[in-house]
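# Coordinate inspection notes
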Amino acid sequence: MNEYTIVVPDNDVLSCVCGTNDKNLKLIEEHLGIPVFTRGNELSIMDDRRELCQEFQFIVDRIVDEVNSGEKDAEDIVRSVLNTNYHANMDEICIQVPGALRKVYARSQNQADYIHLLQTKDMVFCTGSAGSGKTFLAVAEGLRLILTHKKNKMIISRPVVEAGESLGYLPGDLEQKIDPYLRPLRDAMETLLPMETVKRLFEAGIIEVAPLAYMRGRTLNNSVIILDEAQNTSYAQLKMFLTRMGDNSKVFITGDPTQIDLPKKVNSGLVHSIEVLSSIEDIGFMELTADDVVRNHLVKKIVKAYEYDEEKQNDE
């Protein structure tokens with residue numbers, strides 16, 4: 001039986017790959033079903049199966065890549081790698097934004113499928129719980145498209161309903177009025193790009209923020225258009241937004257149907273639109289779950305607890 005060996009030149013990175021007391025190596029061994037041996041700065045398996053050797057190479061390469069990109073939680077990286085289909089093309093599980101501080105990898109198979117939809121469909125609806133990556137991945141793909149000059153502009157929007165106030169009564173100019181509502185989207189950008197780069201994109205008008213109410217009457221060509229928190233749109237608002245789509249544009253709609261802040265008598269436009277448009281093959285639909293949550297591990301437990309409680313209430 002032949003030995004298949006991978007050299008990891010950086011000892012600190014190798015230590016992250018192996019984990020404390022080789023905890024990560026044990027996870028990889030359980031996944032592959034065979035032992036992984038360490039010798040100096042080498043990782044080896046004894047196996048003649050070409051496919052298994054390729055998977056071992058994929059797992060180690062991606063862990064090394066993510067650690068080198070600045071990810072610190074090696075165990076979380078290993079678990080996410082093992083949950084992702086290694087047969088997929090690297091472009092389908094990774095978003096590479098030019099000039100970015102790090103690559104954006106899918107942390108679950110659902111996220112990998114979502115990235116594939118973002119890259120192959122002109123309109124994508126994604127629902128999911130807090131921290132599942134629905135907004136972050138849409139923003140990352142939007143940045144990739146404008147920074148590779150495939151689109152001229154990125155327009156990001158949210159319905160303004162959280163505070164129950166009209167924008168006209170809030171202090172400051174338009175940008176100052178809506179900044180609190182769009183801050184999460186800007187935070188996502190600054191996670192990927194240097195702050196100065198993000199600032200220049202806004203100042204040049206390449207990235208534009210617009211409250212949903214200000215979208216009426218526009219036709220958006222050659223653009224990436226992102227609507228976040230879409231669960232808080234009415235039927236009429238979301239229909240208006242979807243029909244802003246112009247030539248050579250992409251539209252990404254994200255939201256969490258379990259966190260609707262609309263008045264009780266107002267139905268969510270997101271829920272209605274998914275039902276109405278689900279038969280259109282050219283539109284992509286993705287539902288992320290608590291298993292896709294990539295924030296602090298405690299967030300995943302909280303989301304699952306709430307999901308269980310809601311299911312129990314529905315059964316009653």
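Scroll up a little and you will see the structure.
This structure is a prediction, so every number in the text was calculated from the model and none was measured.

## Details of the pairing of strand E6 (residues 123-127)
- Counted residue by residue, E6 has five buried out of five residues, so it is predominantly covered.
- Going residue by residue along E6, you find Met123, Phe125 and Thr127 tucked away on one face and Val124 and Cys126 tucked away on the opposite face as well.
- As judged from the five bridges shared by E6 and strand E10 (residues 250-255), these two strands associate in the parallel manner. Paired with Thr127 across the bridge in E10 is Gly255.
- Both E6 and strand E11 (residues 283-287) contribute to a ladder of five bridges, which runs parallel. Its bridge partner lying in E11, Cys126 is registered against Met286.

## Details of the sheet that holds strand E3 (residues 42-46)
- The strand order across the open sheet formed by three strands is E1-E3-E2, and the pairing between neighbours is antiparallel. Looking at which strands have only one partner, the edges of the open sheet turn out to be strand E1 (3-7) and strand E2 (37-39). Between one strand and the next, the sheet's axes are offset by a mean angle of 25°, whatever the strand orientation.
- One ladder, built from five bridges, connects E1 with E3; its direction is antiparallel. Each bridged residue has a counterpart across the sheet, and for Thr5 the counterpart in E3 is Ser44.

## Notes on unusual backbone geometry
- Phi angles above zero are rare outside glycine, and Asn21 is one such case at about 55°.
- Here Asn21 lies in the loop between helix H1 (11-18) and helix H2 (23-32).
- If you check the backbone angles, Glu229 has positive phi at about 55° while not being a glycine.
- Its location among the elements puts Glu229 in the loop between strand E9 (223-227) and helix H10 (235-242).

## Here we look at the pattern of salt bridges
- Summed over the entire model, instances satisfying the criterion amount to ten salt bridges.
- Ionic pairing is found between Arg39 and Glu42, a salt bridge with its closest N-O pair at 3.2 Å.
- For Arg39, a relative accessible area of 45% puts it in the partly exposed group.
- Salt bridges linked by common partners bring Glu3, Arg39 and Glu42 together as one network.

## Some words on the side chain of Glu141
- Position of Glu141 relative to the elements: it lies in helix H7 (residues 134-147).
- One polar contact links Glu141 to Gln119, side chain to side chain, over a distance of 3.5 Å.
- Once residues lying within four places of it in the same chain are set aside, the contact partners of Glu141 are Ile95, Leu118, Gln119 and Phe252.

## A word on the packing of H2 against helix H3 (residues 50-68)
- Two elements in contact, H2 and H3, have axes whose closest approach is 11 Å; the angle formed by their N-to-C orientations is 150°. Viewed along their axes, H2 and H3 adopt a mutual orientation that is roughly antiparallel. Between H2 and H3 lies a crossing whose hand is right-handed. Between H2, through Ile28, His31 and Leu32, and H3, the contact on the second element is made entirely by Leu52, Glu55, Phe56, Ile59 and Ile63.

## Digging into the sheet that holds E6
- Ordered in space as E8-E7-E9-E10-E6-E11, the six strands form an open sheet in which the pairing is parallel. Since the sheet does not close on itself, it has two edges, and those belong to strand E8 (207-209) and E11, each with one partner. Across this sheet, the average inter-strand angle for adjacent strands is 15°, counted without regard to direction.
- Contacting E6, E9 and E10, H10 runs over the sheet at an angle of about 170° to E9.

What counts as what
- Residues numbered from 1 in each chain as written.
- Predicted model: local features only at pLDDT ≥ 70, side-chain atom pairs only at ≥ 80, totals over all residues.
- Heavy atoms only, no water.
- Buried < 20%, exposed > 50% of the residue type's maximum accessible area, 1.4 Å probe, protein only.
- Helix = DSSP H or I, 4+ residues; strand = E, 2+ residues; numbered from the N terminus.
- Pairing = 2+ DSSP bridges.
- Axes fitted to C-alpha atoms, helices over the stretch in contact; angles between N-to-C directions.
- Salt bridge = Lys/Arg side-chain N within 4 Å of Asp/Glu carboxyl O.
- Polar contact = N/O pair within 3.5 Å; in protein donor to acceptor, adjacent residues only side chain to side chain.
- Contact = heavy atoms within 4.5 Å.
- Parallel < 35°, antiparallel > 145°, perpendicular 65-115°, else oblique.
- Left-handed = near helix turned anticlockwise from the far one by under 90°.

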